[in-house]
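Working through the structure, step by step
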Amino acid sequence: MKDSEVKNICCIGAGYVGGPTMAVIADNCPSLKVNVVDINEERIKKWNEKDFDRLPIYEPGLAEIIKRCRNKNLFFSIDIKKHIESADMIFLSVNTPIKKSGLGKGQASDLKYIESSTREIAKYAKGETIIVEKSTLPVRTAETIKSILESNDKSFNNQKFSVLSNPEFLAEGTAINDLENPDRVLIGGENPEAITALEEIYVNWVDKNKILKTNLWSSELSKLVANAFLAQRISSINSISAICETTGADINEVSRAIGMDTRIGEKFLNAGPGYGGSCFKKDILNLVYLSKYYGLNEVASYWQKVVDLNVWQQHRIRKIIVKKLFNNLTSKKIGIMGFSFKANTNDTRESPAIQICKDLIEEGADLRIYDPKVNKFQIEKDLEQNQFNDNGEGSWTLCKSIKDIAIDADAIVIATEWEEFKSLDWSDISRLMRSPKWLFDTRGITNSKDIKQHNINYWKIGLGDSSSNIKFNF
Ligand SMILES: NC(=O)c1ccc[n+]([C@@H]2O[C@H](COP(=O)([O-])OP(=O)(O)OC[C@H]3O[C@@H](n4cnc5c(N)ncnc54)[C@H](O)[C@@H]3O)[C@@H](O)[C@H]2O)c1
Ligand SMILES: O=c1ccn([C@@H]2O[C@H](COP(=O)(O)OP(=O)(O)O[C@H]3O[C@H](CO)[C@@H](O)[C@H](O)[C@H]3O)[C@@H](O)[C@H]2O)c(=O)[nH]1
């Protein structure tokens, strides 16, 4: 470190983690200078937009922080060399997607961005520098990072490196609150001085008791395990949603009943169309890959089932919609409420809405999509098809309001749990639709009595018909 105190931070990767995380650090540590760099020029341009509605990422509370800190002690730039050279501490926040080809294809993490950014650090860093792994990485990646950094001649630029693991646990949609009030901050490392330097940044706003120090490998592994446990809860509750639908039970009642047991806890028990987002699938598959790599095949197949159940849940919903609409969707108008993978984000990575829309388009439906934050270009990319594809097959159009998606619609599918979908006037919507009308609530956010009184047929995730006569023969 220069002068043994961290003054200049560089963050490589200006994405969903790098942007918000560095914004919160800059906001809480006015004496630090924080430079966020990226190879994606377009993204950096958007971070520097004058119009705060056009930042590349939508997160409640983010624009306000950017307004306060940008060009004061928070900077977004493509000058990677300059900011690596001046940094005492460098955060690696680059993407670590699943490998698309080669060994470990479809399961292992692709570490090419970690490797290329580490090589940049090895090329430009000067003096003592702390490298912080913020990206989610397979266990023992710090070893790879160290060997790349140490491959230089020791006297080059007087370089000296310490590598720490400091995984990020923020969830999208609540990123700013999660960063400002984390359940814990995890720091894994070997060099006590480097650990203290990072801890000193966090204590500016995080209670010291919440800062947990472990060895490097425990820290790297804990991140994968946290995501695996969270996703496992969703697959568990989704599996039970299917039992509820066939037996007359109600998943909301079951979730509440089990969640009141303090050993189980009430969070992460919402049944839905399967989990989405950029993390769960890739991180569990990475755990599966690691387990297989170490010959732990039973462990691998245990976690693989969490992913399999999720895929099954997504396809189950398509089948239900097709069946209820007389097995024919050709030219039927279907309104889609929500496209992001969860509420309060513009992120669509692995969004269950993508699979649902693709499936319905394949059946010949004419989709009208409304999402408060997702734009046309993103949907075009995700559905791999342009708007208004008028070839007589399935098509989609992005609409500006719920009213627009309801006009002449045969059905409406709630795909994301945006707050504004929870208190709609269904009598107005019903008037615009074509009979027989259907609502498919894959997020379980509407009330059956409210919908049915407006002459709309109703399907809700995990809601069975409690008055039905289903018998179970022991
Ligand atoms: N998204 C989340 O909610 C979340 C939460 C916790 C952890 N993570 C983990 O954090 C990491 C980043 O996730 P993200 O969602 O921010 O990804 P992202 O794709 O939004 O952002 C990553 C950025 O890194 C940039 N980049 C790649 N290589 C680079 C290089 N050599 N030099 C400079 N920039 C480079 C890309 O251009 C991109 O803008 C991943 O490992 C992810 O698993 C994500
Ligand atoms: O009860 C629930 C909770 C969530 N979900 C779905 O699960 C997915 C993931 O949601 P969430 O975990 O809230 O958002 P992410 O931004 O993906 O955050 C997860 O992934 C991040 C990246 O690693 C971690 O940092 C976070 O701690 C972890 O929660 C979304 O599709 C949600 O709709 C449900 O279906 N039911």
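Computed from a prediction, not measured in an experiment: that's the story for all the values here.

Cut-offs and rules
Throughout this description, residue numbers start from 1 for each chain and increase along the sequence as written. As a convention, the first chain written is A and the first ligand written is 1, with the rest following in written order. Local features in a predicted model are, by the rule used here, given only for residues with pLDDT of at least 70; side-chain atom pairs are given and counted only at 80 or more, and totals for whole chains, interfaces and linings are based on all residues. Derived side-chain values reflect all non-hydrogen atoms in the structure, with water molecules and hydrogen atoms excluded from consideration. Strands here mean DSSP runs of E at least two residues long; helices mean DSSP runs of H or I at least four residues long; both are numbered from the N terminus. The atom set for the radius of gyration is the C-alpha atoms, and the globule formula is 2.2 Å times the number of residues raised to the power 0.38. With a 1.4 Å probe rolled over the protein chains alone, any residue whose accessible area is under 20% of its type maximum counts as buried; one over 50% counts as exposed, and the rest are partly exposed. Any two residues whose heavy atoms approach within 4.5 Å are treated as being in contact. Only the protein chains shown count as covering a residue, and every accessible area follows the Shrake-Rupley method with a 1.4 Å probe. The convention is simple: Lys and Arg are positive, Asp and Glu are negative, and His and the chain ends are not counted. To locate a charge, the coordinates of NZ of Lys, CZ of Arg, CG of Asp or CD of Glu are taken. The near set for a molecule or strand comprises every residue that places at least one heavy atom within 4 Å of it. Two N or O atoms form a polar contact when they lie within 3.5 Å of each other; inside protein one atom must be a possible hydrogen donor and the other a possible acceptor, and for residues adjacent in sequence the pair counts only when both atoms belong to side chains. Ten residue types, Ala, Val, Leu, Ile, Met, Phe, Trp, Tyr, Cys and Pro, are classed as nonpolar, four, Asp, Glu, Lys and Arg, as charged, and the remainder, Gly among them, as polar. Domain start and end points were adopted from an automatic or database domain assignment. A 1.4 Å probe defines the accessible area here, and the buried area is the portion of it lost by two parts on being joined, summed over both. Counted as salt bridges are all cases of a side-chain nitrogen of Lys or Arg within 4 Å of a carboxyl oxygen of Asp or Glu. Here an angle of 0 to 180 degrees is reported between the N-to-C directions of two axes, which are lines fitted to C-alpha atoms, with helices fitted over the stretch in contact. Should the near helix be turned anticlockwise from the far one by less than a right angle, the crossing is termed left-handed; should it be turned clockwise, right-handed. Criterion used throughout: strands pair if DSSP finds at least two bridges between them. When the strands point away from the viewer, a crossover counts as right-handed if the route from the first strand across the helix to the second turns clockwise. For Phe, Tyr and Trp, rings pair up if their centres lie within 6.5 Å, where Trp contributes its six-membered ring, and each pair is then called stacked (planes under 30 degrees apart), edge-to-face (over 60) or tilted (otherwise). The criterion is that NZ of a Lys, or CZ of an Arg, lies within 6 Å of the ring centre and within 35 degrees of the ring normal, and then a charge sits over that ring. Every helix has an expected span of 1.5 Å times one less than the residues it contains.

Another aspect to go through is the overall build of the protein chain. Assigned secondary structure in the protein chain consists of 17 helices and 14 strands. The C-alpha radius of gyration of the protein chain comes to 24 Å, within 12% of the 23 Å expected for a compact globule of 474 residues. Seen through its principal axes, the protein chain has C-alpha atoms that stretch 75 × 55 × 45 Å. Each of the 474 residues in the protein chain was classed as buried or not, and the buried ones make up 53%. Within the protein chain, contacts between residues at least 6 apart in sequence are counted, and of these 74% link residues at least 24 apart. For the protein chain, the accessible area works out to roughly 22800 Å², and carbon and sulfur atoms hold 49% of it. Counting 64 positive and 64 negative side-chain charges, the protein chain places the centres of these two groups 2 Å from one another.

Moving on to the site of ligand 1. Taken together, 27 residues lie near ligand 1, and Asp-38, Arg-43, Thr-96, Glu-172 and Lys-282 sit nearest. At 3.5 Å, a side-chain N or O of Asn-95 approaches an oxygen atom of ligand 1. Here an oxygen atom of ligand 1 and a side-chain polar atom of Lys-282 are 2.6 Å apart. The element contributing the most residues to the shell around ligand 1 is helix H5 (residues 112-124), with three residues. By residue class, the composition of the shell around ligand 1 is nine nonpolar, eleven polar and seven charged. Two domains each donate at least three residues to the shell around ligand 1, and these are domain 1 (3-214) and domain 2 (215-474).

So, about the domain arrangement of the protein chain. The assigned domain composition of the protein chain is domain 1 (3-214) and domain 2 (215-474). Taken residue by residue, the interface counts 41 residues in domain 1 and 31 residues in domain 2. Overall, the association of domain 1 and domain 2 removes approximately 2800 Å² of surface from exposure, summing both partners, and the carbon and sulfur fraction of that is 57%. It is Tyr-58, Gln-107 and Val-139 that lose the most area in domain 1 upon contact with domain 2, and together they represent 26% of the buried surface on that side. Among the ionic pairs, Arg-349 bridges to Glu-172, the shortest N-O distance being 3.5 Å. At the junction of domain 1 with domain 2, the criterion picks out twelve residue pairs in polar contact (both at pLDDT 80 or more). When residues of the side of domain 1 that touches domain 2 are traced back to their parent elements, those giving at least two are helix H6 (141-149), strand S6 (160-165) and strand S7 (185-188). By residue number, the principal contributor to the side of domain 1 that touches domain 2 is H6, which donates four residues. For the side of domain 1 that touches domain 2, the residue count by class is 19 nonpolar, 13 polar and nine charged.

Around ligand 2 sit 20 residues, and of these Phe-169, Leu-170, Asn-227, Cys-279 and Arg-443 come closest. A distance of 2.8 Å separates an oxygen atom of ligand 2 from a polar atom in the side chain of Lys-223. Within the side chain of Lys-342, one N or O atom sits 2.8 Å away from an oxygen atom of ligand 2. Taking 690 Å² as the accessible area of ligand 2 by itself, protein coverage stands at 91%. Secondary structure elements with two or more residues in the shell around ligand 2: helix H9 (216-247) and helix H11 (280-293). The dominant element in the shell around ligand 2, judged by the number of residues it contributes, is H9, at four residues. Here the shell around ligand 2 gathers at least three residues from each of two domains, domain 1 (3-214) and domain 2 (215-474).

The subject of this paragraph is the packing of helix H12 (residues 297-324) against helix H13 (residues 352-362). Relative to each other, H12 and H13 sit at 35 degrees, their axes nearing to 10 Å. Considering only the axes of H12 and H13, their crossing is right-handed. Taken together, the residues of H13 that come into contact with H12 (itself represented by Gln-314, His-315, Ile-317, Arg-318 and Ile-321) are Pro-352, Gln-355, Ile-356, Asp-359, Leu-360 and Glu-362.

So, about helix H14 (residues 376-383). Quick reminder: α-helices carry 3.6 residues per turn. Residues three or four places apart thus point the same way. Inspection of H14 places Ile-379, Glu-380, Asp-382 and Leu-383 among the buried residues, and these make up the whole buried set. Phi turns positive, to about 55 degrees, at Glu-384, one or two residues after H14.

Turning next to the pairing of strand S1 (residues 8-12). Taking burial as the measure, the five residues of S1 include four buried ones, the bulk of the element. Pairing between S1 and strand S2 (residues 33-37): five bridges, direction parallel. Residue pairing in the sheet places Cys-11 in a bridge with Val-36 of S2. Handedness of the crossover joining S1 and S2 through helix H1 (residues 18-28): right-handed. Both S1 and strand S4 (residues 89-92) contribute to a ladder of four bridges, which runs parallel. Counterpart to Ile-9 in the pairing with S4 is Met-89.

With that settled, the discussion passes to the packing of aromatic side chains. Overall, the coordinates contain nine aromatic pairs when judged by the stated rule. Ring centres 5.0 Å apart and planes at 85 degrees place the aromatic pair Tyr-302 and Trp-303 in the edge-to-face group. Among the residues examined, Trp-303 registers a relative accessible area of 9% and is labelled buried. Members of the aromatic cluster, joined through ring pairs, are Phe-229, Tyr-302 and Trp-303. The ring of Trp-217 carries the charged tip of Arg-140 above its face, separated from the ring centre by 4.1 Å. Across from the ring centre of Phe-169, 3.6 Å away, lies the NZ or CZ of Arg-184, which sits over that ring.

Over its 28 residues, H12 runs 40 Å from end to end, which matches the ideal 40 Å to within 8%, given 1.5 Å per residue. Phi for Phe-326, located one or two positions after H12, is positive at around 60 degrees.

Another aspect to go through is the sheet that holds strand S11 (residues 395-398). On the basis of which strands lie adjacent, the open sheet formed by six strands has the order S11-S10-S9-S12-S13-S14 and parallel pairing. The sheet is open, and its two borders are formed by S11 and strand S14 (457-460), each paired with just one other strand. Going from strand to strand, the sheet's axes swing by 20 degrees on average, the running direction of each strand aside. This element, H12, spans strand S12 (411-414), strand S13 (438-441) and S14 of the sheet and lies at about 170 degrees to S13.

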